[in-house]
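Below, each chain spelled out in residue letters.
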Amino acid sequence: NELPHHFDTWRQLCHPDELDRGLEELTRYIEGQSDLYRFPHRMRRKDGGWHWVLAKGEVTERTQDGQPSKICGLHIDIDDIKQAEARLEANNASLEGRVRQRTAELIDARDQLEMRVQARTSDLVERNEQLDQFARVASHDLRSPLRTILGFAEHLRTIAPQSPESSDALDRIDGAARRMSELID
C-alpha cells in the first residue's frame, strides 16, 4: 500500500532495459495475441537496488467496445531464482572454458604424440633398411667363402686318393657348408 496502484507506477519502477519489452508483451496480451500476460523483469526497490519479479496480469473488465478498462495483476518474487540462474550460467561458462582449454591441451598432446610416432616410425624404417642392406652384404660376403670351401672339397675328392676317413671328413665339410648356405638364404 506504499505505492499507488497505477500503471505509471509500474512504468517508473521497471528497469529501463526491460521496459520496452514489458510494454510490448502487455500490448500483445491486450490485443489478444497472447492468452496470458507473464513478464519476468527487474523492479527498483526502496533502497534503489533492483529486484527480479514475475509480473502476471489479466484483464478483469472491458468496455462495451472490448477495450480493457481494468487489469489486475501481481508480482511474484523470483530474485532467488534469477540469482541461482546467474550462478549456474557463470558455472557453465567456467566449465565450458575449462573444457575448451582441456580439449586444446589434449589436441596439442595428440599432435605432439603423432609427430613423435612419425619420427620414430621414420627412424625405424631407416634402421630396417640399414639392417636389410647389412643382411644382403653379409649374405654375399658369407656365400663367397662357402663356394670356395665347397669348391675345394670337390677338388680334393677328384685329385686325392680317398680313404674312409678323408671321405668322411669331406662329406662333413660339404654338409656343413650346405647347411650354412641354407641358413644364409
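Scoring rules and cut-offs
- Residues numbered from 1 in each chain as written.
- Predicted model: local features only at pLDDT ≥ 70, side-chain atom pairs only at ≥ 80, totals over all residues.
- Heavy atoms only, no water.
- Helix = DSSP H or I, 4+ residues; strand = E, 2+ residues; numbered from the N terminus.
- Expected span 1.5 Å × (residues − 1).
- Contact = heavy atoms within 4.5 Å.
- Buried < 20%, exposed > 50% of the residue type's maximum accessible area, 1.4 Å probe, protein only.
- Pairing = 2+ DSSP bridges.
- Axes fitted to C-alpha atoms, helices over the stretch in contact; angles between N-to-C directions.
- Core = buried A, V, L, I, M, F, W, Y, C linked by side-chain atoms within 4.5 Å.

**Student:** Before we go on, may I ask you to explain helix H4 (residues 164-184) in this structure?
**Tutor:** Each turn of an α-helix holds 3.6 residues, which means side chains three or four residues apart point in the same direction. In this model H4 runs 30 Å from its N-terminal to its C-terminal C-alpha over 21 residues, within 8% of the 30 Å that 1.5 Å per residue would give. Residues of H4 that are buried make contact with helix H3 (79-159).

**Student:** Looking at this structure, I do not really get the pairing of strand S1 (residues 37-44). What am I missing?
**Tutor:** If a strand is regular, its side chains alternate between the two faces of the sheet. Covered by surrounding structure in S1 are Tyr37, Phe39, His41 and Met43 only, the residues Arg38, Pro40, Arg42 and Arg44 on the alternate face being uncovered. Looking at chain direction, S1 and strand S2 (residues 50-62) are connected through eight bridges and run antiparallel. The partner of Pro40 across the bridge, within S2, is Leu54. The turn linking S1 back onto S2 is made up of five residues, and Gly48 within it adopts a positive phi angle of 95°.

**Student:** Help me understand the sheet that holds S1 in this model?
**Tutor:** Across a sheet, strands are paired by hydrogen bonds formed along the backbone, either parallel or antiparallel in direction. In space, the three strands of this open sheet follow the order S1-S2-S3, with antiparallel pairing throughout. Of all strands in the sheet, those with a lone pairing partner are S1 and strand S3 (68-77), marking the two edges. Geometrically, the sheet is characterised by an average inter-axis angle of 35° between neighbouring strands, direction not taken into account. Of the strands in this sheet, S1, S2 and S3 touch helix H2 (residues 16-30), which is tilted by about 155° from S1. Along the sheet face, H3 touches S1, S2 and S3 and points at about 130° away from the line of S2.

**Student:** Teacher, can you tell me more about the nonpolar core here?
**Tutor:** What tends to happen in soluble globular proteins is that the nonpolar side chains get buried as a cluster. Among the nonpolar cores identified, the biggest contains eleven residues, and these are Trp10, Cys14, Leu19, Leu26, Tyr29, Tyr37, Phe39, Met43, Val53, Ala55 and Val59. Elements that contribute at least two residues to this core include exactly H2, S1 and S2. Not counting residues within four places of it along the chain, the set of residues in contact with Leu19 comprises Trp10, Arg11 and Cys14.

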